[in-house]
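Inside the fold
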Amino acid sequence: MDIKQLYKKYSLNTYTRLGPVFLKGKGSFLWDQNRRRYLDLFPGWGVSILGHSHPRLAKIIARQAKCLIHLPNNLFSVEQALLAKKIVDKSFPAKVFFANSGAEAVEGAVKLSRLFGKGSRYEVITMKNSFHGRTFGALSATGQKKYKEVFKPLVPGFKEARFNDFCDFKRKVTAKTAAVMLELIQGEGGVNVADKDYVQKLYAYCKAKNILLIIDEVQTGMARTGKLFCYQNYGIMPDIMILSKGLGAGVPISAIVVSNRISGLIKPGMHASTFGGSPLICRVCREVFDIIEMDGIILKTVKSGKYLNERLQALKSKFSFIKQIRIKGLMAGIELDIESLPVFKKCLEKKLIVNSTHGNVIRIMPALNIEQNNLTQGIDIFEEALKRF
Ligand SMILES: Cc1ncc(COP(=O)(O)O)c(C=O)c1O
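Residues numbered from 1 in each chain as written. Predicted model: local features only at pLDDT ≥ 70, side-chain atom pairs only at ≥ 80, totals over all residues. Heavy atoms only, no water.

On the surface, Phe136, Val150, Phe151 and Val155 cluster together into a nonpolar patch covering about 390 Å² of accessible area. Here Val155 lies in the loop between α6 (145-148) and β6 (158-161). (Patch = residues over 30% accessible without salt bridge, like charges linked within 9 Å, V, L, I, M, F, W, Y side chains within 5 Å. Areas by Shrake-Rupley, 256 points an atom, 1.4 Å probe, with all protein chains shown as cover. Salt bridge = Lys/Arg side-chain N within 4 Å of Asp/Glu carboxyl O. Helix = DSSP H or I, 4+ residues; strand = E, 2+ residues; numbered from the N terminus.)

Turning our attention to the packing of aromatic side chains. Going through the model one piece at a time under the given rule, you end up with eleven aromatic pairs. Between Phe42 and Trp45, the ring centres sit 5.2 Å apart and the planes meet at 70°, which makes this aromatic pair edge-to-face. Ring geometry for Phe169 versus Tyr205: centroids 5.9 Å apart, planes at 80°, classification edge-to-face. A residue pair is termed long-range when its members are at least 10 positions apart, and Phe169 in helix α7 (residues 166-172) and Tyr205 in helix α8 (residues 196-209) qualify at 36 residues. Taking relative accessible area as the criterion, Tyr205 reaches 18% and is therefore assigned buried. In textbook terms, an aromatic cluster arises when at least three aromatic residues are bridged by ring pairs, as seen for Phe92, Phe229 and Tyr231. Taking the ring centre of Phe29 as reference, the NZ or CZ of Arg37 above it sits at 3.9 Å. (Phe/Tyr/Trp six-rings, centres within 6.5 Å; stacked < 30°, edge-to-face > 60°. Buried < 20%, exposed > 50% of the residue type's maximum accessible area, 1.4 Å probe, protein only. Lys NZ or Arg CZ within 6 Å of the ring centre and 35° of its normal.)

If you check the shell around the ligand, you find Ser101, Gly102, Ala103, Phe131, His132, Gly133, Glu183, Glu188, Asp216, Val218, Gln219 and Lys245 and nothing else. Gly102 is positioned such that a nitrogen or oxygen atom in its backbone is 2.8 Å from an oxygen atom of the ligand. Phe131 has a polar backbone atom sitting 3.4 Å from a nitrogen atom of the ligand. If the ligand stood free it would expose 390 Å²; the protein chains cover 83% of that surface. Tallied by class, residues from the shell around the ligand come to three nonpolar, five polar and four charged. (Near = heavy atom within 4 Å. Polar contact = N/O pair within 3.5 Å; in protein donor to acceptor, adjacent residues only side chain to side chain. Nonpolar A, V, L, I, M, F, W, Y, C, P; charged D, E, K, R; others polar.)

Read from one edge of the open sheet, four strands run β1-β2-β3-β15, paired in mixed fashion. Every interior strand has two partners, whereas the edge strands, β1 (22-26) and β15 (352-353), have only one. Pairing of strand β2 (residues 29-32) with strand β3 (residues 37-40), which is carried by three bridges, proceeds in the antiparallel orientation. The partner of Trp31 across the bridge, within β3, is Arg37. Helix α12 (residues 372-386) contacts β2, β3 and β15 of the sheet and is inclined by roughly 100° relative to β3. (Pairing = 2+ DSSP bridges. Contact = heavy atoms within 4.5 Å. Axes fitted to C-alpha atoms, helices over the stretch in contact; angles between N-to-C directions.)

Turning our attention to the domain arrangement of the protein. Looking at the protein, the domain boundaries give domain 1 (1-33) and domain 2 (56-294). Taking the mean C-alpha position of each, domain 1 and domain 2 sit 30 Å from one another. (Domains from an automatic or database assignment.)

Moving on: helix α3 (residues 78-90). Counted at 1.5 Å a residue, the expected span for α3 with its 13 residues is 18 Å, and the 19 Å between its end C-alpha atoms agrees. Turning to α3, its buried residues are Glu79, Leu83, Ala84, Lys86 and Ile87. The buried side chains of α3 occupy one side of the element, clustering within an arc of 160° when seen end-on. Set apart from the buried face of α3 by more than 90 degrees, the exposed residues are Val78 and Asp89. Where the residues of α3 are buried, they touch α2 (55-67), β4 (94-99), β11 (240-243), β12 (254-259) and α9 (279-294). Of the residues flanking the start of α3, the one acting as N-cap is Ser77, its side-chain oxygen 3.4 Å from the backbone nitrogen of Glu79. (Expected span 1.5 Å × (residues − 1). Arc of directions from axis to C-beta.)

Put simply, Lys152 and Pro153 share a cis peptide bond, and its omega is 5°. Looking at the element boundaries, Pro153 is found in the loop between α6 and β6. With a phi angle near 65°, Arg35 is a residue other than glycine that sits in the positive phi range. Relative to the assigned elements, Arg35 resides in the loop between β2 and β3.

Two elements in contact, helix α10 (residues 297-318) and α12, have axes separated by 11 Å at closest approach and are oriented at 15°. Here α10 lies roughly parallel to α12, going by the angle between them. Where α10 crosses over α12, the two elements pack in a sense that is right-handed. On the side of α10, the interface is formed by Ser304, Tyr307, Leu308, Arg311, Leu312, Leu315 and Lys318, while α12 contributes Gln372, Leu375, Thr376, Ile379, Asp380, Phe382, Glu383 and Leu386. Of the residues assigned to the contact of α10 with α12, the class counts are eight nonpolar, three polar and four charged. (Parallel < 35°, antiparallel > 145°, perpendicular 65-115°, else oblique. Left-handed = near helix turned anticlockwise from the far one by under 90°.)

Structure, rendered in structure tokens:
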């Protein structure tokens, strides 16, 4: 059966798909239909933090599926309650709402900021170059024209400030500002890391002016940056934290973590999600937390991140078209003087999966439990690919 033909005939044409058809994954490797093996340094678009088909996750999915898969949210579920407790224990005093995707959680956070503003304050400041998702509210929050232009008119009430520019942020604040939403590392925007000083000033300012600080940790959460949550690198505490991708490590889930200062604003009937926080998915997420703890994933991330940084810096001194390396933990962006898509394609030819974003940035976000020799192998292949440019 020609799978690519089936895609052409039956799938809505929303993605640029390249490369072979994949059948199987294990750890940091994928196998295509012809049994060729690919080393994946961008597993699941930042989702598969424990690699592909982690055996403990596979086991727990099967076990929980036999026990209870889905419950409506008007009934009590053991697994949902335990996961909410786990997230709060690991972050800050809060209450949690479960949804299914990053964008859906962003929508919920924006709704909360509208409640907080009580009608007179409704504006949410987001950052240029940010990415918050494709649903209408999340798209309106996203600071990149290319995703939005053809869908206008968008949802009103969003304003853009320059990333890492505290003065510009202050200029954008008005009497109508209810919240600011920030990625501490802009992923889709090219792996731009927020400065500590900037974030701390923004945090203090928001506190003083009673503006909500929403931290979008869809990509940075779950140990990716060497702390369980990226905000913990900055000595701040968000009013709302948004989690998704790595939380389920491959199963679809997102969470809005709402600090107790404002969690009372939401009342029954104001927000809901049919699938959000099912017993099956929540059980898997709890296992993800356990694996992170028991397998020392945070330490591994810090160690592997240090090694990755060293190797990438060495590549920078070797290839003049590498402009900058931006990295925190195992989230790395390699900014090039040339287009990054041909580099991505060359890597794919060499059976290495990386990501091309923002036109000239190669993004690498390996599984956090990647073996050192696999990371070495991946960077060696990357280096070979770069030699062609
Ligand atoms: C920071 C951030 N927020 C939100 C989203 C949207 O997530 P989803 O695609 O699950 O809706 C993404 C997706 O990449 C993201 O990186």
